[in-house]
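Listed below, chain by chain, are the residues.
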Amino acid sequence: MIAQTEEKERVNTRAEHFGRLFPGAPKFRLKQMEEALFSPLFQSFSDVSNLPLLMRETLVRELPWFAVQEVQVLESAKKDTYKGVVEVQGGKRVETVLMKNARGAWTVCVSSQVGCAMACTFCATGTMGFTRNLTSDEIVDQIRFWEAFLRKSPTLSDSKGEPLSRISNVVFMGMGEPLANYEQVKEALRLLLSYTDIGVTRITVSTVGLLPMLRKLLDDPTWPPVRLAVSLHSADGETRKNMMPSSYDAFLDGLVEWTERYFEKFESRRRHLTFEYVMLSKVNDTERHAKALIDFSRRVGKVRINLIPYNFTGSIYRDSLPGDFARFQKQLEDAGVVVTRRRTMGDDIAAACGQLIVEKNGSVD
Ligand code: SF4
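Residues numbered from 1 in each chain as written. Predicted model: local features only at pLDDT ≥ 70, side-chain atom pairs only at ≥ 80, totals over all residues. Heavy atoms only, no water.

Caption draft 1: Spatial organisation of the sheet that holds strand S10 (residues 273-279). With mixed pairing, the 10 strands of this open sheet are ordered in space as S1-S2-S3-S4-S7-S8-S9-S10-S11-S12. Strand pairing shows two members of the sheet lacking a second neighbour, strand S1 (69-75) and strand S12 (338-341), which therefore form its edges. Neighbouring strand axes in the sheet, compared pairwise and without regard to direction, differ in orientation by 25 degrees on average. Two elements, strand S7 (residues 167-172) and strand S8 (residues 203-207), share 3 bridges in a ladder whose sense is parallel. Across the sheet, Phe172 pairs through a bridge with Val205, a residue of S8. Packing against the sheet, helix H8 (residues 251-265) makes contact with strand S9 (227-231) and S10, and its axis sits at approximately 145 degrees to S10. (Pairing = 2+ DSSP bridges. Helix = DSSP H or I, 4+ residues; strand = E, 2+ residues; numbered from the N terminus. Axes fitted to C-alpha atoms, helices over the stretch in contact; angles between N-to-C directions. Contact = heavy atoms within 4.5 Å.)

Shown next as structure tokens:
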């Protein structure tokens, strides 16, 4: 199991800055500031008239309204996907994606780290290495960034600047391993659940399966019951270790044990746990791999397998051949496993799953 690479920089959150700037301020002032950030009524701290004038002036001087700054926004040919390259404190860049979802609303895919230490061999971000965790503000401001983008876009909003479609879902599937940045991701979830109308069933945190962190969140009364997706990618231990260096011999058994506890805790919701499965030609898409996945799914119980077409072209891997993909899917379905297939979106702007990368010199791949 790969240890989390030591963080090279520690960046303060907005709440920490606020506490330093106004050490004696009552708690409700911080709440007012946080509320204002998510309100469409305000575009700057100077507009937040329920804060004292001196506080507003200090905030304008000391704190940026956005913790992420636009570098570039790319639009897919179908105009259903947008990729944003944004700069965070210290000049580092991460990517965030806005996608039309099946209900015609928008889903935002957020990054949780600059780079990633997990080094999954099929993933563009995995080639970057790990630089630092994003703060909760840098995470939620990716959603605020897209909200502002929709409001100022003449084709995506009405004459009053109201978005034609709302942001309804958030997925933590961008750059980084969210559970390796547990506290900041949890705080980002708190901010989203407190100040937006996006509920727990509309937020998905995707993880490679860091078992200590997965166990921790089940024991953590302050971890909100958002949806979880585990990147399984193979139910064959050796294949999984080759694809994901963070995997290890006892992982699959440990995951089964964890899922038992997960279903105990979330019994009332009767929810399926999602396993992500990227389809790599001749690597994890053979009949043998399908059989291993069927057996594993039976051990776990209420699972949904989300098959993901592979998109990263600068890779040693290739997408499953259409016939192999269909045969693999049918083998699972015939065995009674619940299967979905992810739509590929934004592959023409390198915004599809596994394609997010910002090169060290800052240029976009
Ligand atoms: S797939 Fe996720 S966890 Fe693996 S290297 Fe890429 S960003 Fe990191």
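What follows continues from the structure just given.
Caption draft 2: Spotlight on helix H3 (residues 53-62). Among the residues of H3, Met55, Arg56, Thr58 and Leu59 are the ones counted as buried. An end-on view of H3 places all buried positions within 165 degrees of arc, on one side of the element. In this structure, H3 carries Leu53, Leu54 and Arg61 as exposed residues pointing more than 90 degrees from its buried face. On its buried side, H3 packs onto helix H1 (14-21) and helix H2 (27-37). (Buried < 20%, exposed > 50% of the residue type's maximum accessible area, 1.4 Å probe, protein only. Arc of directions from axis to C-beta.)

Caption draft 3: Structural view of the layout of surface pockets. Put simply, the second largest pocket is a space of about 500 Å³. If you go around the second largest pocket, you meet 20 residues; those closest to its centre are Phe38, Ser39, Pro40, Glu147 and Arg151. Ranked by residue count, the leading element in the lining of the second largest pocket is helix H4 (residues 136-152), at 5 residues. In terms of residue class, the lining of the second largest pocket is built from 12 nonpolar, 3 polar and 5 charged. (1 Å grid on protein atoms, 1.4 Å probe; cavity = no way out; pocket = protein on both sides within 12 Å on 5 of 7 lines; lining within 4 Å. Points joined across faces, edges and corners; volume = space filled by probe spheres on them. Nonpolar A, V, L, I, M, F, W, Y, C, P; charged D, E, K, R; others polar.)

Caption draft 4: Summary view of the site of the ligand. Neighbouring the ligand are the residues Cys116, Met118, Ala119, Cys120, Cys123, Thr125, Gly126, Gly176 and Val208. Counted by class, the shell around the ligand contains 6 nonpolar, 3 polar and no charged residues. (Near = heavy atom within 4 Å.)

Caption draft 5: Just the side chain of Glu138, in detail. Secondary-structure assignment places Glu138 in helix H4. On the accessibility criterion, Glu138 (2% relative accessible area) is buried. Among the polar contacts made by the side chain of Glu138, one reaches the side chain of Arg132 at a distance of 2.9 Å. Looking at Glu138, its side chain comes within polar contact range of the main-chain nitrogen of Thr135, at 2.9 Å. (Polar contact = N/O pair within 3.5 Å; in protein donor to acceptor, adjacent residues only side chain to side chain.)

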